[in-house]
Amino acid sequence: MNGTYDVVIIGGGMSGMMAAVALADMGRKVAVVSRGDPVCCLSTGCIDVLAAGNDPLEGIGSLPDNHPYRLVGEDTLKASLEMFRTVMSEERGAYVGDVHANRRILTPLGRHKITCLVPVTMEFADFHSDEYIHVISFNEMKDFYPNYITSRYKNSGCSIFDAGVSTTMSIAERFENRQFLEEFISWLKGLDIPEGRIAIPAVLGMHFAVNVYNEISAELGRKVFEIPTLPPSMPGLRLFDGLKNALLKRGVNLYWGKEIYSVEKSGSQIEAVTLAGAGRSARVQGNAFILATGSFVSGGLHASMDAATETAFDLPVYLPGKRESWFNDDFFAPGHAIEKSGICVDQSFRPVDSRIENLFVCGSILAFSEVMKYGCGHGMAIATGVAAANVCGELA
Amino acid sequence: MNLDFQHCIRCTICVANCPVSRVNPDFPGPKQAGPDAERFRSDDETSIDKWIRLCSQCKRCEVSCPYGVNPAQIILREQVQYGGKHFRPLASRVFANNYWLGAVNSVIAPIVNRLAPMKLTKRILNVFGISTYLPFPRFHIHTLSRSWRWKGHRKSRKKVVFFYGCFLNYNRPDLGRDVRDFLASLGVRVIMPRQVCCGLPALGNGDIETARKFARKNARILAGYIDRGYDVIYTCTSCGLALTQDYPGILEVPHGRKVSENSYNLHEYVLKLMEEHYIEPVFEPFHRRVAYHIPCHLRALGIGYPAAGLFEKIPGLEVVILEDNCCGLSGSYGFKRSNEDTAVRLGITAARAIKDIDPDMLVSDCGACRMQLAHFSGIPAVDPSEILIKSLKEGLKGSRFQGGKN
Ligand SMILES: Cc1cc2nc3c(=O)[nH]c(=O)nc-3n(C[C@H](O)[C@H](O)[C@H](O)COP(=O)(O)OP(=O)(O)OC[C@H]3O[C@@H](n4cnc5c(N)ncnc54)[C@H](O)[C@@H]3O)c2cc1C
Ligand code: SF4
Ligand code: SF4
Ligand code: SF4
């Protein structure tokens with residue numbers, strides 16, 4: 001279907017979706033074009049803002065000058081995270097946390113991960129190591145080994161429930177069935193766990209997870225929390241579904257499963273993109289465009305042996321020197337130089353050296369974002385998405 | 001052999017989107033059934049993966065994969081392989097030929113409509129592997145293939161062939177005629193030439209030969225009209241997917257590409273007429289809160305949600321779009337006893353999401369979705385065009401449209 005929009009966003013990840021929410025709320029007519037589902041589906045669902053230090057906002061001051069956060073400004077960062085929370089609570093996926101305080105969640109390996117905003121189902125995941133933790137798992141559940149966790153905490157125990165199914169998706173589906181939920185709760189009560197908190201892998205339902213979680217907590221009268229799993233990750237999916245539904249509610253048109261086939265330009269303006277697919281190719285026209293296609297994992301950037309390209313508009317890509325310098329010898333070392341690569345932008349989020357005036361770039365495709373090194377994944381995507389939308393909204 | 005499967009990075013995004021593997025542990029899901037298993041398959045070996053049939057071809061995996069792998073297509077090819085080499089159960093044979101079934105049923109409609117709800121009939125159907133949890137759709141004697149074949153002014157600048165599909169033809173011919181008359185009222189010349197089933201049910205039941213036979217016939221007829229300046233209009237989103245994706249794709253029919261490039265969803269076409277200022281309709285208010293269940297195959301078409309674009313213009317109409325659930329019926333899939341449990345579980349989940357927003361009615365472009373979801377939610381279901389036609393019936397009289405003037 002052809003269409004004419006104020007703003008066309010390429011890439012339906014955290015950044016593109018938040019830009020879409022912001023623009024729709026400004027009254028703009030918006031379309032999102034995405035090749036597929038974004039990496040937030042694979043994430044813990046928690047919003048990392050900046051992992052270093054206790055106060056992420058304070059830490060931003062000490063980031064290198066070219067880090068994308070430095071373009072955003074504290075007010076916009078705070079406002080964008082607040083906007084995110086409002087949207088998610090309207091979509092049955094409330095988040096808790098304080099922008100000024102990092103918190104910890106428990107990982108399936110029994111370690112802690114530092115993050116900032118968390119879904120309510122993980123509100124109590126930050127516990128003191130003296131406190132008793134009872135880990136629940138499911139019979140033959142794939143990729144979840146409670147012993148990893150209990151081996152790290154002296155004061156812990158573990159019980160296994162037989163759900164009749166063993167994958168993350170199928171157990172989560174069962175939890176939305178009343179009878180299953182009641183059986184689970186009465187089994188849990190029967191365990192007579194004497195004290196402390198109850199940790200359950202993140203399979204407590206799909207769309208109605210918050211209801212399921214609240215009911216379990218209330219029935220047990222205890223602090224319960226979810227542990228994010230390896231993908232498929234329910235909290236990541238709930239986050240994605242929540243934002244996508246927020247877009248639909250705002251009349252944003254989605255062209256999903258579609259890739260850009262060609263771009264029409266006139267002078268310094270992009271006029272339209274044509275989408276590839278079976279049948280007639282759709283022509284999507286816009287006054288302004290936002291590029292939010294993510295980094296290498298999502299396909300926004302593509303690397304060959306010694307070069308990198310940007311897949312939608314063929315923008316120039318910044319690379320940190322020659323291939324030899326891209327990677328650190330220690331795989332687990334924080335920050336490989338290749339993480340710096342991406343699109344360089346000016347103060348108004350326009351790509352430099354491209355001479356296009358109505359294109360704005362946001363999210364992990366931005367050069368120097370170094371998401372892994374700084375632990376700023378979703379937070380940076382949200383903040384730059386909303387900031388780029390603010391500039392773009394004035395124009396479109 | 002198609003090598004797209006090599007692009008798979010095993011991210012599991014498709015797995016998260018697969019409705020079937022979520023409720024049926026016997027189906028390993030799109031990643032394993034698609035790209036993972038593909039590396040062990042060869043073109044000249046018989047598949048032994050019995051579970052391959054459990055995929056409903058909802059295409060959700062295809063829409064979600066960020067790396068262009070298209071597991072649904074890999075699985076479909078394997079289903080066809082499997083179907084060609086193994087005995088197909090009676091239920092599959094019946095549904096592959098649902099076109100003839102519909103044709104016969106409509107001739108003897110009064111008898112069929114009375115027999116279908118009877119206990120004995122149900123028991124017999126069950127023995128043959130056909131599920132009866134849903135009330136069977138009613139059949140009509142006055143099918144579309146027996147209706148007036150053209151409507152609208154001969155000299156209209158806009159001309160379309162209406163590909164109405166089996167569901168409208170046999171089960172809702174009244175709606176088919178309304179759509180025809182509606183298009184004519186927009187100043188469009190409408191032709192409903194003789195046509196057969198799009199072929200999707202045959203393909204979905206592993207019978208590619210029958211599917212190809214149907215597709216060839218349709219493509220020849222449609223291409224003839226396209227050459228004379230007609231566009232093709234469909235309302236059923238699964239027919240639409242067959243015309244645009246499978247005719248030039250797996251079915252490889254002559255003129256497939258031409259048909260694919262010239263087919264429009266009805267609502268997409270109406271929006272196009274508006275964009276071109278061919279019509280400037282006034283939308284009359286329709287005061288309802290509706291849940292719009294997006295059929296999986298509308299998502300797979302990748303044309304956005306055109307009916308939603310029209311709903312926005314209808315005063316008083318409050319629309320909540322629901323696209324996270326598959327209704328579970330997937331055409332004839334859920335009518336097979338072996339899939340009944342899957343279909344029922346998915347149907348209940350999708351219906352719960354609908355009931356949760358407490359709508360006056362539910363809307364869906366797919367006849368199967370409507371049957372399934374009306375059954376599980378108890379909420380009446382309509383096609384989006386029914387609302388559109390209602391809103392524009394009056395609005396067209398007062399509007400300015402140039403259709404047919406030159
Ligand atoms: C496995 C994993 C786990 C993570 N976990 C966390 C976590 O727990 N917390 C956290 O805060 N951060 C996490 N991160 C980081 C975080 O997910 C990302 O930095 C952030 O979500 C990036 O968002 P984005 O909008 O920039 O891009 P993406 O989410 O990558 O979205 C890009 C979208 O664009 C589409 N696209 C790509 N190319 C094209 C094209 N040419 N045309 C059209 N569409 C295209 C893609 O399909 C995709 O949907 C994780 C990252 C990974 C890889
Ligand atoms: S087929 Fe696509 S979505 Fe599925 S695991 Fe492979 S890359 Fe991921
Ligand atoms: S087409 Fe649907 S049922 Fe089949 S594997 Fe893909 S998502 Fe699952
Ligand atoms: S009948 Fe509709 S929702 Fe149901 S499977 Fe088909 S396309 Fe999906």
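Please read all numbers here as calculations on a predicted model, not as lab measurements. (Residues numbered from 1 in each chain as written. Chains lettered and ligands numbered in written order. Predicted model: local features only at pLDDT ≥ 70, side-chain atom pairs only at ≥ 80, totals over all residues. Heavy atoms only, no water.)

1. Some words on the overall build of chain B
Okay, step 1: Broken down by element type, chain B carries 21 helices and 11 strands.
Okay, step 2: Relative to all contacts within chain B whose residues are 6 or more apart in sequence, the contacts with residues 24 or more apart total 78%. (Helix = DSSP H or I, 4+ residues; strand = E, 2+ residues; numbered from the N terminus. Contact = heavy atoms within 4.5 Å.)

2. Section: the sheet that holds strand S8 (residues 156-161) of chain A
All names here are of chain A.
Okay, step 1: On the basis of which strands lie adjacent, the open sheet formed by 4 strands has the order S8-S7-S9-S10 and parallel pairing. Lying at the two open borders of the sheet, with one neighbouring strand each, are S8 and strand S10 (224-227). Ignoring strand direction, the axes of neighbouring strands in this sheet form an average angle of 25°.
Okay, step 2: The sheet contact formed by strand S7 (residues 133-138) and strand S9 (residues 197-201) spans 3 bridges and is parallel. Looking at the pairing, Val-135 lines up with Ala-199 of S9.
Okay, step 3: Of the strands in this sheet, S7, S8 and S9 are in contact with helix H7 (residues 178-190), which crosses S8 at around 145°. (Pairing = 2+ DSSP bridges. Axes fitted to C-alpha atoms, helices over the stretch in contact; angles between N-to-C directions.)

3. Some remarks on the packing of helix H4 (residues 74-90) of chain A against helix H11 (residues 377-395) of chain A
Each pair of packed helices gets described by two things: the angle between the helix axes and the distance between those axes.
Residues and elements named next belong to chain A.
Okay, step 1: Where H4 contacts H11, the axes come no closer than 9 Å and their chain directions differ by 105°. Judged on the interaxial angle alone, H11 and H4 are roughly perpendicular. Contacts from Thr-76, Leu-77, Ser-80, Leu-81, Met-83 and Phe-84 in H4 reach Ile-382, Ala-383, Val-386, Ala-387 and Asn-390 in H11.
Okay, step 2: For the contact of H4 with H11, the residue count by class is 8 nonpolar, 3 polar and no charged. (Parallel < 35°, antiparallel > 145°, perpendicular 65-115°, else oblique. Nonpolar A, V, L, I, M, F, W, Y, C, P; charged D, E, K, R; others polar.)

4. Details of the side chain of Arg103(A)
Residues and elements named next belong to chain A.
Okay, step 1: Relative to the helices and strands, Arg-103 is located in strand S4 (residues 103-106).
Okay, step 2: For the buried residue Arg-103, which engages in no salt bridge, the nearest side chain bearing the opposite charge is Glu-123, 5.7 Å off.
Okay, step 3: Within the local environment of Arg-103, its side chain forms a polar contact with the backbone oxygen of Glu-123, the two atoms lying 3.2 Å apart.
Okay, step 4: Excluding anything up to four places from it in sequence, Arg-103 contacts Val-96, Gly-97, Lys-113, Ile-114, Thr-115, Cys-116, Val-118, Glu-123 and Asp-126. (Buried < 20%, exposed > 50% of the residue type's maximum accessible area, 1.4 Å probe, protein only. Lys, Arg positive; Asp, Glu negative; His and termini not counted. Salt bridge = Lys/Arg side-chain N within 4 Å of Asp/Glu carboxyl O. Polar contact = N/O pair within 3.5 Å; in protein donor to acceptor, adjacent residues only side chain to side chain.)

5. Examining the interface of chain B and chain A
Okay, step 1: Each side of the interface is counted separately: chain B has 41 residues, and chain A has 39 residues.
Okay, step 2: Where chain B abuts chain A, roughly 3300 Å² becomes buried across the two surfaces, and 51% of that area is made up of carbon and sulfur atoms.
Okay, step 3: When the buried surface of chain B facing chain A is broken down by residue, Arg22(B), Asp324(B) and Arg352(B) rank first, second and third, together holding 17% of it.
Okay, step 4: Where chain B touches chain A, the interface holds 6 salt bridges.
Okay, step 5: Arg352(B) is the partner of Glu176(A) in a salt bridge, and the nearest nitrogen-oxygen pair spans 3.8 Å.
Okay, step 6: At the junction of chain B with chain A, the criterion picks out 14 residue pairs in polar contact (both at pLDDT 80 or more). (Buried area = accessible area lost by both parts, 1.4 Å probe.)

6. Brief notes about the site of ligand 3
Residue and element names in this part refer to chain B.
Okay, step 1: Surrounding ligand 3, one finds 13 residues, the nearest of these being Cys-18, Cys-55, Cys-58, Lys-59 and Cys-61.
Okay, step 2: Where the shell around ligand 3 is concerned, the elements lending two or more residues are helix H2 (19-23) and helix H5 (71-85).
Okay, step 3: Tallied by class, residues from the shell around ligand 3 come to 10 nonpolar, 2 polar and 1 charged. (Near = heavy atom within 4 Å.)

7. Some points on the side chain of Asn17(B)
Okay, step 1: As for its placement among the helices and strands, Asn17(B) is situated in helix H1 (residues 13-17).
Okay, step 2: Polar side-chain contacts of Asn17(B) include one of 2.9 Å to the backbone oxygen of Ile13(B).
Okay, step 3: In this view, Asn17(B) contacts Asp37(A), Arg22(B), Arg60(B) and Ser64(B); residues no more than four positions away in its chain are not counted.

8. A short note on the confidence of the model for chain B
Residues and elements named next belong to chain B.
Okay, step 1: Per-residue confidence for chain B gives a mean pLDDT of 88, with 86% of residues at or over 70.
Okay, step 2: Confidence drops under pLDDT 50 across residues 400-406; counting only partners more than four residues distant or on other chains, this segment forms 20 contacts.
Okay, step 3: Complex prediction metrics read pTM 0.93 and ipTM 0.93. (pLDDT = per-residue confidence, 0-100.)

9. Thoughts on the packing of H7(A) against helix H8 (residues 209-220) of chain A
Residue and element names in this part refer to chain A.
Okay, step 1: In contact at an axis separation of 10 Å, H7 and H8 are set at 30° when each is read in the N-to-C sense. When the axes of H7 and H8 are compared, the crossing they make is right-handed. On H8, the residues touching Arg-178, Leu-181, Phe-184, Ile-185, Leu-188 and Lys-189 of H7 are Val-212, Glu-215, Ile-216, Glu-219 and Leu-220.
Okay, step 2: Residues that form the contact of H7 with H8 fall into these classes: 7 nonpolar, no polar and 4 charged. (Left-handed = near helix turned anticlockwise from the far one by under 90°.)

10. Considerations on the sheet that holds strand S2 (residues 158-163) of chain B
All names here are of chain B.
Okay, step 1: In space, the 5 strands of this open sheet follow the order S1-S3-S2-S4-S5, with mixed pairing throughout. On the outer flanks of this sheet lie strand S1 (150-151) and strand S5 (263-265), each paired with one strand and no other.
Okay, step 2: Across 4 bridges, S2 lies against strand S4 (residues 231-234) in parallel orientation. The partner of Val-160 across the bridge, within S4, is Asp-231.
Okay, step 3: Along the sheet, helix H11 (residues 173-185) contacts S1, S2, strand S3 (188-191) and S4; its crossing angle with S3, the most-contacted strand, is approximately 150°.

11. Quick word on the environment of Cys40(A)
Residue and element names in this part refer to chain A.
Okay, step 1: Mapping Cys-40 onto the fold places it in the loop between strand S2 (30-34) and helix H2 (56-60).
Okay, step 2: When the C-alpha atoms of Cys-40 and Gly-12 are compared, they prove to be 10.0 Å apart, with 28 residues separating the residues in sequence.
Okay, step 3: Setting aside residues no more than four positions away along its own chain, Cys-40 makes contact with Met-14, Gly-236, Leu-239, Phe-240 and His-378.

12. Topic: the domain arrangement of chain B
Residue and element names in this part refer to chain B.
Okay, step 1: Taken domain by domain, chain B holds domain 1 (4-85) and domain 2 (288-393).
Okay, step 2: For domain 1 versus domain 2, the distance between C-alpha centres works out to 26 Å.
Okay, step 3: Each partner contributes residues to the interface: domain 1 has 13 residues there, and domain 2 has 15 residues.
Okay, step 4: For the pair domain 1 and domain 2, the summed buried surface comes to about 1200 Å²; carbon and sulfur atoms form 54% of the total.
Okay, step 5: Contact with domain 2 buries area across many residues of domain 1, yet Val-23, Arg-60 and Val-63 alone supply 45% of it, more than any other trio.
Okay, step 6: Across the domain 1-domain 2 interface, the total number found is 0 salt bridges.
Okay, step 7: Summed over the shared surface of domain 1 and domain 2, the result is 5 residue pairs in polar contact (both at pLDDT 80 or more).
Okay, step 8: Mapped onto the side of domain 1 that touches domain 2, the elements with two or more residues apiece are H2 and helix H4 (60-64).
Okay, step 9: With 3 residues, H2 is the single largest residue contributor to the side of domain 1 that touches domain 2.
Okay, step 10: Considering only residue class, the side of domain 1 that touches domain 2 consists of 7 nonpolar, 3 polar and 3 charged. (Domains from an automatic or database assignment.)

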